[in-house]
Each structure stands twice: as structure tokens, then as C-alpha cells.
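Overview (structure and organization)
As a plain string of letters, each chain reads:
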Amino acid sequence: SLGRATSFNAESVKVFYDKLDEVMDIYKFSASQIWNVDKTGVSTVVRPSKIVAAKGKRNVGAMTSGERGTNVTVVTAVSDSGNTVPPMFVFPRKNYKDYFVNNGPPDCIGVGNGSGWVTDIEFKNFMQHFIRHVKPSNEYKIVLILDNYSSHLHFETLNLAKENGIVMLSFPPHCSHKLQPLDVSVFGPFKKYLSVAQDAWLRNNPGKAITIYDIPKIVSDSLPVAITCTNITKGFQKTGVYPYNANIFADDDF
């Protein structure tokens, strides 16, 4: 998008690395103390994985379920040492029930609202979940790098972070496709494995369509294969977050 094209520029990126440099100098974070949180949408409609067709055959289709998909948002966090926090699912349902995530990844949580997007309330829920798993404190501080969405920077969440020794560092707007470790090396493979898992689900449930309640199980079959230690550390490396490298992007990257 144009927003992305114009915002990913040398100046805004330099500001981010300068801040990261400052934070690293003050706190001397090790790999296990550097975290990234990000979210991605999972649709009930399958995006066909690449289809190989015989030459000259035009009408090749993949199985898809229902044309207009409903989205569930998946939020997760990873550390540069390869640790992960179980995902949180945000369902487009005002009345959330715990059984929605019964078959999801171990220790995952769920929340619901009218839109299925992450708002202030849901992000604060994720932060509480994150703190329970990572156990940061003022004695064991961590840095959490994240998008600068207003829901991430809500005062209640910022207070919660501060009380628990979490230093929040946000990316410049529209840069996460290049700067965010999860975006760079985990969510790409995840989408590929996801479409394979959705495809398998449709074949194993002939005549049925995937619903939002099937998504946690499908994610538990596909996310672990993508959110590997190798992919995570590659993401931190490729973005110059860790090992720190402010010159990771050459002029022609902008």
C-alpha cells in the first residue's frame, strides 16, 4: 500500500534503531529478554495453496469453504531465544465462551468482541497472559517490540507493562512488514501450513464448511510447524533487531 511505501523510509527506520540502541545500552538485554508481539488474521475461507495443473487445462479449482470468510485474529509473542507465548484468539462474537478454544494449542486463550479485531481490552488481556507466561519483573526486565497501534499503547496497558518490568518499544507506522520478526519469518510459513491444514480439514469433513470454532484446532495443527526456533531467530536477525544491526537495510530497500 502507499502508506507502507512512504512510511518505510530511512529516517523513520533510523529513529527505531536509535531507540533500540538506547534501550539495549541501558538494560543490556540478552536474547531471551527481547520479545516481539504481533497478530495475524485467520479466515474461515481457504486461500488455495499453489495448484499444479496439467498444461493446457484452464479450469483448475481448489476446494474452498464458503466464499466470504469470517476472520479470527491470532495474537502471539516470541523471544529471540526461540521461546513463544501460547496464542490468543479474538473471535467476532460478543459472548465469548471458553469452549471456543477447546481444541486449540496448549495454554492458548480466547476472547470475543463484535469485530474480531484487537482493541484496548483484548490487548490488555493478551498482556496479562504474556506476563503470566514470561514472568517479567522489575528485577528481570524485558523489551517488547510491537506495532504502534493505539490499542497497544493504551494507558492501562502501558501501566501494566511498567509495573511488570516490560519496556515497550514501538515500530514506526507501516513498517512491520520489514521490521517485525514475526512478520518477516514466522507468519509467511504459518500461512502456507495453515492452507494445507485447512485443505486437509475440508477433505476430512466432506460437504462441511470451516467455521470460526474450527480455527483453533487448525491453528494448533499449523502454527507449531512455523513458529520454530530457527524461524524466530532468523526473523530477529533479518530485521537487525538481534544481533543488533542498524545497517541491515541498504538504500535500495527503501
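**Brief notes about the overall build of the protein**
Within the protein, the secondary structure is distributed over 9 helices and 6 strands. Within the protein, the proportion of its 254 residues that are buried is 46%. The long-range share in the protein, meaning contacts at least 24 apart out of those at least 6 apart in sequence, stands at 71%. By element, 51% of the accessible surface of the protein is carried by carbon and sulfur atoms, the whole surface being about 13,100 Å².

**So, the sheet that holds strand 3 (residues 84-91)**
If you walk across this open sheet you meet the 6 strands as 4-3-2-1-5-6, and the pairing is mixed. Of all the strands in the sheet, just strand 4 (109-112) and strand 6 (166-170) have a single pairing partner and so form its edges. The mean angle between the axes of side-by-side strands here comes to 25°, regardless of whether they run parallel or antiparallel. Here 5 bridges tie strand 2 (residues 71-79) to strand 3, and the two strands are oriented antiparallel to one another. Along strand 3, the bridge assignment pairs Ala77 with Val85. Contacts between helix 3 (residues 120-134) and the sheet are confined to strand 1 (34-43), strand 2, strand 3, strand 4, strand 5 (142-146) and strand 6, with strand 3 contributing the most and set at about 155° to the helix. Packed on one face of the sheet, helix 8 (residues 215-226) meets strand 1, strand 2 and strand 3 and runs near 150° to strand 3.

**Examining the nonpolar core**
Counting 47 residues, the largest nonpolar core has Phe16, Phe89, Phe91, Val143, Leu179, Phe190 and Val219 as its most contacted members. Within the second largest apolar cluster, 21 residues are counted, among which are Ala77, Phe126, Met127 and Leu160.

**As for the packing of aromatic side chains**
In total, this model carries 13 aromatic pairs according to the counting rule given. Relative to Phe29, the ring of Tyr27 has its centre 5.2 Å away and its plane inclined at 25°; by these criteria the two rings are stacked.

**Remarks on the pattern of salt bridges**
If you walk through the whole model with that rule in mind, you get 4 salt bridges. Taking the shortest distance from any N to any O, the salt bridge between Lys124 and Glu156 comes out at 3.0 Å. Placement of Lys124 in helix 3 and of Glu156 in helix 4 (residues 155-163) is noted, with a sequence separation of 32 residues between them. Of the residues examined, Glu156 reaches a relative accessible area of 36% and is grouped as partly exposed.

**Quick look at helix 9 (residues 229-238)**
Among all positions in helix 9, only Asn231, Ile232, Gly235 and Phe236 are buried. Buried residues along helix 9 cover an arc of 135° about the axis, so they all sit on one side. Among the structural elements, strand 1, strand 2, strand 3, helix 6 (181-185), helix 7 (187-204) and helix 8 are those in contact with the buried residues of helix 9. Looking one or two places after helix 9, you find Gly240, whose phi comes out positive at around 75°.

**A short note on the confidence of the model for the protein**
A residue-level look at the protein finds 89% of positions with pLDDT of 70 or above and a mean pLDDT of 88. Per-element mean pLDDT across the protein ranges from 55 in helix 1 (residues 2-7) up to 98 in strand 3. Predicted confidence is poor over residues 57-66, with pLDDT under 50, and the contacts of this stretch with residues over four places away or in other chains come to 19 contacts.

**What to know about unusual backbone geometry**
Cis geometry is found at the peptide bond from Tyr242 to Pro243, where omega equals -5°. Along the chain, Pro243 turns up in the segment after helix 9. Non-glycine residue Asp107 carries a positive phi angle of around 65°.

**A look at the side chain of Ser222**
With respect to the element layout, Ser222 can be found in helix 8. Overall, the relative accessible area of 0% leaves Ser222 in the buried class. A polar side-chain atom of Ser222 sits 2.8 Å from the main-chain carbonyl oxygen of Ile218. For Ser222, the residues in contact, after removing those within four places along its chain, are Phe190, Tyr193, Leu194 and Ala197.

**What about the environment of Ala197?**
Inspection of the secondary structure puts Ala197 in helix 7. On a C-alpha basis, the gap between Ala197 and Leu223 in space is 10.0 Å, while along the polypeptide they are 26 residues apart. The contacts of Ala197, once residues within four sequence positions are left out, are Ile218, Asp221 and Ser222.

What counts, and at which threshold
- Residues numbered from 1 in each chain as written.
- Predicted model: local features only at pLDDT ≥ 70, side-chain atom pairs only at ≥ 80, totals over all residues.
- Heavy atoms only, no water.
- Helix = DSSP H or I, 4+ residues; strand = E, 2+ residues; numbered from the N terminus.
- Buried < 20%, exposed > 50% of the residue type's maximum accessible area, 1.4 Å probe, protein only.
- Contact = heavy atoms within 4.5 Å.
- Areas by Shrake-Rupley, 256 points an atom, 1.4 Å probe, with all protein chains shown as cover.
- Pairing = 2+ DSSP bridges.
- Axes fitted to C-alpha atoms, helices over the stretch in contact; angles between N-to-C directions.
- Core = buried A, V, L, I, M, F, W, Y, C linked by side-chain atoms within 4.5 Å.
- Phe/Tyr/Trp six-rings, centres within 6.5 Å; stacked < 30°, edge-to-face > 60°.
- Salt bridge = Lys/Arg side-chain N within 4 Å of Asp/Glu carboxyl O.
- Arc of directions from axis to C-beta.
- pLDDT = per-residue confidence, 0-100.
- Polar contact = N/O pair within 3.5 Å; in protein donor to acceptor, adjacent residues only side chain to side chain.

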